[in-house]
Amino acid sequence: MIGRKLMDNLDSVNQPPGTRTLTMKRCLASALLWIVCWGCATPAPARAAAPGAWEAALERAASAPGLRGGALSALVVDRASGASLWAREADALLVPASTQKLLTAVAALQAFGPAHRFVTELRASRALGPDGAVGDLFVRGGDPALTSEQWWRLAADLRALGLHEVRGDLVLDDSLFDAERWHPSWGPITARAYHAPIGALAANFGAFRVRIGPGAAPGAPLETRVDPPVAYLRIVNEGRTEARGGRATLAVERQSADGVERIRVHGSVPLGAAPDEFWRSAADPLAYAGAVLRLQLEANGIRVAGGVRRGGATPGAPLLLGFEGLPLEQVASLFLKYSNNFIAEALVKWLALGPDPAPEAPPASWAAGTRALSARLAGLGVPLGSARIVDGSGLSRANRVSARILVETLRQGERLFVGGPELLAALPLAAEDGTLRRRAGGARGRVRAKTGSLDGVTSLAGFARTESGRDLVFAVLANGY
């Protein structure tokens, strides 16, 4: 169940390290929700306030000490009419962080539709014979949400077709996307899961889990386990168990060489301590996906005699299986509720290709994908103006959007007959799920919104229902606070 477990942990792995920074950002996110849900609550007649009272409350909230010294772009509009209720520099272009994902989600739902399924093609160098064997097995990817569970289902479907042995190699094809794994504007790349490299053929969003606990006695090696347990990921355990009551000093690093990734574990854990989990990204998403596929083929009784290599199908190779992944409505929910960067960037590159890419289409790039994204939003009437969109996830600090752009993206996205309901359902629900699960208890069940967080950047955009029952659309971006 690594796929489900990974999504449940994305809220933490997408955050930069540092307890103080994280606490500050969560406090600001709660304050932004308070701005919308309390400040914009139209007072009931029995407790009517002076004209402008809630506007004044919003101004006080927007001038809170935690926001001083920075830039703020904020807009609150009536959901039904679109009338502006409160604004602060609504057209100022700021770094959006992960609220950028709203632009990607709306464009993708409009382009593909919520029922669209990305297909993984499996071909063989020869037709499957009565002996249940093929030569090489060619795998052409493009699904951004294939987890270990889906790879098992794919392997089980091949088994059901009668496949028992691959006598040649597993040949992996990720040519739908270009070879640029990380956007050049992301800055220094870490091994953390939110920095997973982008590829058309991947598993588990390019990430894996390392579980580490103490050994049986002081001085003993640590107990380590990698999930999924593929040969491509090899643990190098240099950690030791300390005496009971000590302090854990763990570090987990990855080093790529000779076609494998060595996961170096060093430091110490005190005897009796609970196991800890670390989520890391695979340096080579294609090799990692091949290792997961091989694992699941063998788990289904399909022997693979050869190795795993890159390449494309030979001309005329017969199709064994077109494996359909999750519908886009479910992918969008995973993407927005858990702020999944890998899905965001894969969807942007898919926007460059369209639902049915031509065989001769060039590999999709970030530049082509963001152009297609902008064109989709402009076609919906979103006033992009001088906005700058360079990626799909918001990891880049080169992105520039305004509160008005986010609000209009939400309003136009919600209006889509095909895709609008799915957009609303995919947003985190305050104090209930996704990246808002542990936040904004005072707005429980009354806000559906996307969070955004980078060092020095926090943002929030979505839909709210006030205490008086008025529905709003809002966006708040704070930079340099």
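Owing to the predicted nature of the structure, the values given are computational and were not obtained by experimental measurement.

Caption draft 1: Representation of the pattern of salt bridges. Summed over the entire model, instances satisfying the criterion amount to 27 salt bridges. The partner of Glu-59 in a salt bridge is Arg-88, and the shortest N-O contact between them spans 2.6 Å. Of the two residues, Glu-59 sits in helix H3 (residues 53-62) while Arg-88 sits in strand E2 (residues 84-88), which places them 29 residues apart along the sequence. What makes Arg-88 partly exposed here is its relative accessible area of 24%. Of the charged contacts in the structure, one is a salt bridge between Arg-167 and Asp-131, with a shortest N-O distance of 3.4 Å. Here Arg-167 is found in the loop between strand E6 (165-166) and strand E7 (170-173), whereas its partner Asp-131 is found in the loop between strand E3 (117-124) and strand E4 (133-134), with 36 residues between them in sequence. Take Arg-167: its relative accessible area is 46%, and that puts it in the partly exposed class.

Caption draft 2: Geometry of unusual backbone geometry. A cis amide bond links Asp-227 to the next residue, Pro-228, at an omega of 5°. Relative to the assigned elements, Pro-228 resides in the loop between strand E9 (223-227) and strand E10 (233-237). In the Ramachandran plot, Ser-339 falls in the positive-phi region, its phi being about 55° despite a non-glycine side chain. With respect to the helices, strands and loops of the structure, Ser-339 is situated in the loop between helix H7 (328-337) and helix H8 (341-353).

Caption draft 3: Quick look at the packing of aromatic side chains. Enumeration over the complete set of coordinates arrives at 5 aromatic pairs. Ring geometry for Phe-112 against Trp-350: centres 6.3 Å apart, planes inclined by 90°, an arrangement best described as edge-to-face. Of this pair, Phe-112 sits in helix H4 (residues 101-112) while Trp-350 sits in helix H8, placing them 238 residues apart in sequence. For Trp-350, a relative accessible area of 6% corresponds to the buried category. An angle of 75° between the planes, with centres 5.6 Å apart, marks the rings of Trp-186 and Trp-366 as edge-to-face. On the criterion of sequence distance, the pair formed by Trp-186 in the loop between E7 and strand E8 (207-213) and Trp-366 in helix H9 (residues 366-379) is long-range, its members being 180 residues apart. In textbook terms, an aromatic cluster arises when at least three aromatic residues are bridged by ring pairs, as seen for Phe-112, Phe-118 and Trp-350. The positively charged end of Lys-349 is found above the aromatic ring belonging to Trp-366, 4.0 Å away from the centroid.

What counts and what doesn't
Residues numbered from 1 in each chain as written. Predicted model: local features only at pLDDT ≥ 70, side-chain atom pairs only at ≥ 80, totals over all residues. Heavy atoms only, no water. Salt bridge = Lys/Arg side-chain N within 4 Å of Asp/Glu carboxyl O. Helix = DSSP H or I, 4+ residues; strand = E, 2+ residues; numbered from the N terminus. Buried < 20%, exposed > 50% of the residue type's maximum accessible area, 1.4 Å probe, protein only. Phe/Tyr/Trp six-rings, centres within 6.5 Å; stacked < 30°, edge-to-face > 60°. Lys NZ or Arg CZ within 6 Å of the ring centre and 35° of its normal.

It is worth stressing that arrangement in space is one thing and function is another; only the former is reported here.
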